[in-house]
Amino acid sequence: MFANLSLNQRAAILSLVLLAVGLLIWEAAIPAQKAVGELTEYERLTGGGAPKAGIPPPSEVLGKAWDELSNPFYDAGPNDKGIGIQIGYSLYRVLSGYFLAALVAIPLGFLIGMSPVAYRALNPFIQVLRPISPLAWMPLALFVIQDSQLSAIFVIFICSIWPMLLNTAFGVAGVRDDWVNVARTHELGHLRTAFTVILPAAAPTIVTGMRISIGIAWLVIVAAEMLVGGTGIGYYVWNEWNNLDLTSVIFSILMIGIVGMALDAAFAALQRSVAYAE
Amino acid sequence: MSRPFLSVEQLTQQFPDGQGGIQTVFENASFGIEQGEFVVILGHSGCGKSTIMNILAGLAEPTSGVVKMDGYAVSGPSLDRGVVFQNYSLLPWLSALSNVTFGVGARHRDWPKSRVTEEAKRFLSMVGLEGDVIHRKPSQLSGGMRQRVSIARAFANQPKLLLLDEPFGALDALTRGTIQDELLKIWGGTEQTVFMITHDIDEAILLADRILLMTNGPFARVAESVEITIPRPRTRTGIVEHPNYYAIRNHLVHFLGERSKALSGQVPGDAMQRPETVRIDHTAREPAPDAEDAPAPLRAVNS
């Protein structure tokens, strides 16, 4: 019976089995709370009678997810906002920093890719700036910009710019001479050549860079929001840790993963739309 | 002497040889092409055929010398000189039709889209591509079909000079034959001036009005200009029956096999180095063939 199913169906069944087994092991691994027996005077005074904090079982996390997702946009003060609002703030920062980066990286990458001189002149700067952890920019950003929200956006900008810049330059430099010659023999101007030949030819490489960048931006925003505080999914995780609400921490970790997956899937779709076979 | 439509004058190409010296590929190459003529250039690899083609296309600059078309010196690529590249050079993200409309649209920028599409479809059907096939991407087409699209794109531009750089080099022999026929058909209807590179002697005889023969490089030169004295329209099976066919073929084989090497590096005093004109015609000496009014009777091979 199993052999008759398609590859995807078999994989889906296996995924569900692994999920179920994982959840069962997790549920079973949580030690049951010991019944409070006879306590000494000292134990009673130090709170030994209260249940110990532990990793919550999956059933509790699912219950939390149900509560949060059934009302994701409530706003009950600065430290009590729905998960939807927190993710919304994070997405707003990621996307604004990311699109600013794209606005700079793609035209600059075009220039670097077209001109070997520009490539050689700018390469040392890129090589020095690229390996810097984006969070290392935070203190400088806070000092110069004097606004924690804008500083978070700046950090996203600086971490998203490199993969897009390098991939655009690489893609543009790698456009086959034949295709450029086709544009030349058809008397296309520089701008028309850029938009009708070089851009579509380099698009798969450029979009790959954009996809890497959005992944990195989503990784970095969590850490950045833990630092700047106030709103966002990163702040939410840290706030719930301070509240010792591990159920919420686990729930928000899962939400970070799901949103990251959705962002990646969007860029994968874009990648498919610009792909071509030679 | 009247000026030919296209004249190549004292073209020299030198490259650094990588050891501090200079390598001269060809020197003082000069020849002319008349309007409406189909000229094929034959020569061994490395004699600079492709370099000459790139210079004619305006994609490369010669070390010295000029190319004049219609009396004006050529500089840079232009729509007046269309190119069909050996590797087709279709844009892989566009469909076959869009590749041709790309060319037509570049030529006629003021045309409405519908007219551009119509014109592109007309030229695609001339090379035998019609129906759903024209909406496929180049990667979904066979090599032969891709080269047809490329030929349609070049002819649709109606350039003053069409340059074909070994257009059938990457195709198998059977496909090559069919597309040669398509090329002859589309060329016959347009009076297009064509300059073509090939390695294939039979292809050259079938297609050309005149064949330019190049000696081996370095210091290659255009040594001979052989007139193909076989009347048109020609077919692949028809030309082998013609009395001039084997004489011309033998001359070409002989040149490529021996004389291209022997003549290589010889620099005659004449600075212009016009190719020597060779005309092989056996029809005049023989009695008029009766094949003209009746089908040729079967002949014994060893008669």
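Residues numbered from 1 in each chain as written. Chains lettered and ligands numbered in written order. Predicted model: local features only at pLDDT ≥ 70, side-chain atom pairs only at ≥ 80, totals over all residues. Heavy atoms only, no water.

Attention shifts here to the overall build of chain B. Within chain B one finds 8 helices and 11 strands. In chain B, of all internal contacts separated by at least 6 residues, the share reaching a separation of at least 24 is 72%. As displayed, chain B offers around 14,100 Å² of accessible surface, 50% of which is attributable to carbon and sulfur atoms. (Helix = DSSP H or I, 4+ residues; strand = E, 2+ residues; numbered from the N terminus. Contact = heavy atoms within 4.5 Å. Areas by Shrake-Rupley, 256 points an atom, 1.4 Å probe, with all protein chains shown as cover.)

Looking only at helices and strands, chain A has 11 helices and 0 strands in total. Taken from N to C terminus, the helices and strands of chain A fall in the order α-α-α-α-α-α-α-α-α-α-α. The C-alpha atoms of chain A give 25 Å as radius of gyration, which overshoots the globular expectation for 278 residues (19 Å, by more than 25%). The principal-axis extent of the C-alpha atoms belonging to chain A is close to 95 × 65 × 35 Å. When burial is assessed residue by residue, chain A has 38% of its 278 residues classed as buried. Long-range contacts, defined here as pairs at least 24 residues apart, represent 71% of the contacts in chain A between residues at least 6 apart. Accessible surface, chain A: about 16,100 Å² in total, of which carbon and sulfur atoms supply 70%. (Rg over C-alpha atoms; globule rule 2.2 N^0.38 Å. Buried < 20%, exposed > 50% of the residue type's maximum accessible area, 1.4 Å probe, protein only.)

On to the UniProt feature "domain: ABC transporter" (unreviewed entry) in chain B. Mapped onto the present numbering, the UniProt feature "domain: ABC transporter" (unreviewed entry) falls on residues 6-241 of chain B. The straight-line gap between the two end C-alpha atoms of residues 6-241 of chain B is 33 Å; of that span, 32% is helix and 26% is strand. (UniProt positions renumbered as here; feature names shortened; annotations may be inferred.)

It is worth spelling out the pairing of strand β10 (residues 222-227) of chain B at this point. For a regular strand, side-chain orientation follows a simple rule: the groups alternate between the two sheet faces. All names here are of chain B. Burial of β10 is extensive: 5 of the 6 residues sit out of reach of the surface. Where strand β9 (residues 210-214) lies against β10, 5 bridges are found, and the strand directions are antiparallel. Counterpart to Ile 211 in the pairing with β10 is Val 226. Bridging between β10 and strand β11 (residues 276-279) involves 4 bridges; their strand directions are parallel. The residue bridging Glu 224 from the neighbouring strand is Glu 276, located in β11. (Pairing = 2+ DSSP bridges.)

As a further point, take the packing of aromatic side chains. Following the criterion strictly, the structure yields 10 aromatic pairs over all chains and no others. Centre to centre, the rings of Tyr 276 of chain A and Trp 93 of chain B are 5.4 Å apart; their planes meet at 55°, and the pair counts as tilted. Placement of Tyr 276 of chain A in the segment after α11 (246-274) and of Trp 93 of chain B in the loop between β6 (81-84) and α2 (96-107) is noted, with the two residues assigned to different chains. Classification of Tyr 276 of chain A by relative accessible area gives partly exposed; the value is 21%. We classify Trp 93 of chain B as buried; its relative accessible area is 14%. Centre to centre, the rings of Tyr 245 of chain B and Tyr 246 of chain B are 4.9 Å apart; their planes meet at 85°, and the pair counts as edge-to-face. Residue classification places Tyr 245 of chain B among the buried positions, given a relative accessible area of 4%. Given the relative accessible area of 47%, Tyr 246 of chain B is considered partly exposed. Following the ring pairs from residue to residue traces out a cluster consisting of Tyr 98, Phe 99 and Phe 267 of chain A. Its guanidinium or amino end placed over the ring of Trp 111 of chain B, Arg 115 of chain B lies 3.8 Å from that ring's centre, counting from NZ or CZ. (Phe/Tyr/Trp six-rings, centres within 6.5 Å; stacked < 30°, edge-to-face > 60°. Lys NZ or Arg CZ within 6 Å of the ring centre and 35° of its normal.)

Each partner contributes to the interface: chain B provides 21 residues, whereas chain A provides 18 residues. Here chain B meets chain A over a buried area of about 1,800 Å², counting both sides, of which 65% is carbon and sulfur. For the chain B face of the interface with chain A, the top three residues by lost area are Pro 92, Trp 93 and Phe 102 of chain B, together amounting to 32%. Counting the contacts that link chain B with chain A gives 0 salt bridges. In this assembly, chain B and chain A are joined by 7 residue pairs in polar contact (both at pLDDT 80 or more). Ranked by residues supplied to the side of chain B that touches chain A, first place goes to α2 of chain B with 3 residues. Looking at side-chain class alone, the side of chain B that touches chain A contains 11 nonpolar, 7 polar and 3 charged residues. (Buried area = accessible area lost by both parts, 1.4 Å probe. Salt bridge = Lys/Arg side-chain N within 4 Å of Asp/Glu carboxyl O. Polar contact = N/O pair within 3.5 Å; in protein donor to acceptor, adjacent residues only side chain to side chain. Nonpolar A, V, L, I, M, F, W, Y, C, P; charged D, E, K, R; others polar.)

This brings us to unusual backbone geometry. Residues and elements named next belong to chain B. Cis geometry marks the peptide bond from Arg 232 to Pro 233, where omega comes out at -5°. Within the secondary structure, Pro 233 sits in the loop between β10 and α7 (236-239). Backbone geometry at Gln 10 places phi at a positive 50°, although glycine is not the residue there. Inspection of the secondary structure puts Gln 10 in strand β1 (residues 6-16). The phi dihedral of Ser 89 is positive, around 50°, even though this residue is not glycine. Within the secondary structure, Ser 89 sits in the loop between β6 and α2. Accessibility expressed as a relative area gives 1% for Ser 89, which makes it buried.

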